[in-house]
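Below are the chains, spelled out letter by letter.
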Amino acid sequence: MARTAAPTTPDLRAGPPAARTGPPAGALAAALAAVLLVSLLCGTALGAAGIGWPQVLRHLGAGLTGGTIRPDETAAYTIVWELRFPRAVLAAVVGAGLSAIGVAVQALVRNALADPFVLGISSGAAVGANAVLLFGALAALGVWALSVSAFASALAAMALVYAAARTAHGLTPMRLVLTGTALYYGFSAVTTLMVFTADRGEAARSAMMWLLGSLSGAGWGSVPIAALAVAGALVHLWCSAGRLNALAMGDETAAALGVDPGRLRRELFVVAAAATGAVVAVSGAIGFVGLMVPHATRMLVGADHRRVLAVAPLLGAVLLVWVDLLSRVLLAPVELPVGVITAVIGVPCFVLLMRRRGYTFGGGA
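Residues numbered from 1 in each chain as written. Predicted model: local features only at pLDDT ≥ 70, side-chain atom pairs only at ≥ 80, totals over all residues. Heavy atoms only, no water.

**Considerations on the overall build of the protein chain**
Here comes step 1: When you go through the protein chain residue by residue, the secondary structure sums to 14 helices and 0 strands.
Here comes step 2: Tracing the protein chain from N to C terminus, the helices and strands come up as α-α-α-α-α-α-α-α-α-α-α-α-α-α.
Here comes step 3: Taking all 365 residues of the protein chain together, the buried fraction comes to 50%.
Here comes step 4: Relative to all contacts within the protein chain whose residues are 6 or more apart in sequence, the contacts with residues 24 or more apart total 76%.
Here comes step 5: Accessible surface computed for the protein chain: about 16800 Å², of which carbon and sulfur atoms make up 68%.
Here comes step 6: Placing the 23 positive and 14 negative side-chain charges of the protein chain at their respective mean positions leaves the two points 10 Å apart. (Helix = DSSP H or I, 4+ residues; strand = E, 2+ residues; numbered from the N terminus. Buried < 20%, exposed > 50% of the residue type's maximum accessible area, 1.4 Å probe, protein only. Contact = heavy atoms within 4.5 Å. Areas by Shrake-Rupley, 256 points an atom, 1.4 Å probe, with all protein chains shown as cover. Lys, Arg positive; Asp, Glu negative; His and termini not counted. Charge placed at Lys NZ, Arg CZ, Asp CG, Glu CD.)

**Description of the side chain of Asp 304**
Here comes step 1: As for its position among the elements, Asp 304 is in the loop between α12 (289–301) and α13 (305–329).
Here comes step 2: Buried charge Asp 304 goes without a salt bridge, the closest partner of opposite sign being Arg 306 at 5.3 Å.
Here comes step 3: Side-chain polar atoms of Asp 304 contact the side chain of Asn 245, separated by 2.8 Å. (Salt bridge = Lys/Arg side-chain N within 4 Å of Asp/Glu carboxyl O. Polar contact = N/O pair within 3.5 Å; in protein donor to acceptor, adjacent residues only side chain to side chain.)

**Some words on the packing of helix α4 (residues 121–135) against helix α6 (residues 173–197)**
Here comes step 1: One can describe the packing of α4 onto α6 by two numbers: an axis separation of 8 Å at closest approach and a directional angle of 10°. Taken as axis vectors, α4 and α6 run roughly parallel relative to one another. Counting all contacts with α4, which are made through Ser 123, Gly 124, Ala 126, Val 127, Asn 130, Ala 131, Leu 134 and Phe 135, the residues of α6 involved are Leu 183, Tyr 184, Phe 187, Ser 188, Val 190, Thr 191, Met 194, Val 195 and Thr 197. (Axes fitted to C-alpha atoms, helices over the stretch in contact; angles between N-to-C directions. Parallel < 35°, antiparallel > 145°, perpendicular 65-115°, else oblique.)

**Focus on the packing of aromatic side chains**
Here comes step 1: Scanning all chains against the criterion turns up 5 aromatic pairs.
Here comes step 2: A ring pair is formed by Phe 85 and Trp 220, whose centres lie 5.7 Å apart and whose planes are at 65°; its orientation type is edge-to-face. Of this pair, Phe 85 sits in helix α3 (residues 74–109) while Trp 220 sits in the loop between α7 (202–212) and α8 (223–239); the two residues are 135 residues apart in sequence, bridging distant segments of the chain.
Here comes step 3: Judged by its relative accessible area of 13%, Phe 85 is buried. (Phe/Tyr/Trp six-rings, centres within 6.5 Å; stacked < 30°, edge-to-face > 60°.)

**Regarding the confidence of the model for the protein chain**
Here comes step 1: When pLDDT is averaged along the protein chain, the result is 85; 90% of the residues meet or exceed 70.
Here comes step 2: Confidence drops under pLDDT 50 across residues 1–10; counting only partners more than four residues distant or on other chains, this segment forms 2 contacts. (pLDDT = per-residue confidence, 0-100.)

**Some details on unusual backbone geometry**
Here comes step 1: Positive phi, close to 55°, is recorded for Leu 138, a residue that is not glycine.
Here comes step 2: With respect to the helices and strands, the residue Leu 138 is situated in the loop between α4 and α5 (145–165).
Here comes step 3: Of note, Phe 288 is a non-glycine position whose phi angle comes to about 75°, a positive value.
Here comes step 4: Position of Phe 288 relative to the elements: it lies in the loop between α11 (261–283) and α12.
Here comes step 5: A relative accessible area of 23% means that Phe 288 is categorised as partly exposed.

**Concerning the environment of Val 105**
Here comes step 1: Of note, Val 105 is situated in helix α3.
Here comes step 2: Using a relative accessible area of 0% as the deciding quantity, one classes Val 105 as buried.
Here comes step 3: Here the alpha-carbon distance between Val 105 and Val 259, two residues 154 residues apart in the chain, equals 18 Å.

**Topic: α5**
Here comes step 1: For α5, with 21 residues, the first-to-last C-alpha span of 30 Å sits near the 30 Å given by 1.5 Å per residue.
Here comes step 2: When α5 is considered as a whole, its buried residues turn out to be Ala 145, Ser 147, Ser 149, Ala 150, Ser 153, Ala 154, Ala 157, Met 158, Val 161 and Ala 165.
Here comes step 3: Those residues of α5 that are buried are in contact with α4, α6, α7 and α11. (Expected span 1.5 Å × (residues − 1).)

**Some remarks on α4**
Here comes step 1: Helix length check: α4 (15 residues) gives 21 Å between terminal C-alpha atoms against 21 Å at 1.5 Å per residue, within 8%.
Here comes step 2: In terms of burial, α4 is largely enclosed, as 12 of its 15 residues are buried.
Here comes step 3: For α4, every residue scored as buried is listed here: Ile 121, Ser 122, Ser 123, Gly 124, Ala 125, Ala 126, Gly 128, Ala 129, Asn 130, Ala 131, Val 132 and Leu 134.
Here comes step 4: On the buried face of α4, the contacting elements are α5, α6, α7 and α11.
Here comes step 5: Downstream of α4 by one or two residues, Gly 136 has phi in the positive range, about 70°.

Here is the structure:
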């Protein structure tokens, strides 16, 4: 009598079949890390005020090692170390965070068109940010007022979305998308009302710049909180990459492989919402990075989340450093909103990606 072979359990570490294609993710990540370092140097050296490369490198060395500078170099040192370099670093942190969160949200709602803002968190943060910019709320906190208010309102929006979307069966992708979209429009209406009822002038212009994404107020004080939030999200997502691979195959398959889809969605929701709130609080709502970079990464390395999460944050960091540099120099001394440039770049790239034969948007559509 013939014996039937025992069924094999798929290896979550291997990821979906599509993940087995593409160049080595480790080599690509190493190359992107080198490109990121060069990009940070370019973002620091280039700008409206012409500062030579030797002087830039000397000031960076002094800032990193606590060295001394000559009295006549104080102005150049301030531009390099206090303005440009922290801004370039923050751009890299925000780009990495938006890209990683985009990967997480697309897995969370199983929707290839999802991005970090689909949960309504960014529009909730906008309410708190505009309360500071337009009406001077939390003025006692000084330079921290904008970030604290935006992050607090983002967390409040997260709690509201969770309460509205949760059912007895947990969080479902469709309810999350619909709830987040509905609350996005609600928060956007509140923000628009605040802009219209506030005094015109510089405050309204600052509010609009923030709504379109801007790193103009970046400083060293803005970097640590955002960097810690992004680093924490990356560590959690990396440790959950195998479960994300299982979730991408469908809830039934994930459950058969020992993954609880409901619990994983709750984890992803909290991680994505908290990281989005921290990032948006320091940069405003920068669109298209979290939507475009995950797709571009899958096109390069396949759909395995371990490979995607190794490459996407670095790719997003490089992209946003150069986008922020363009926002400063294209119409200098006037500064463009970062979100405008990401949209100008993202829209044609996304259309070309849709037209690419054989690409299936992460296996979904």
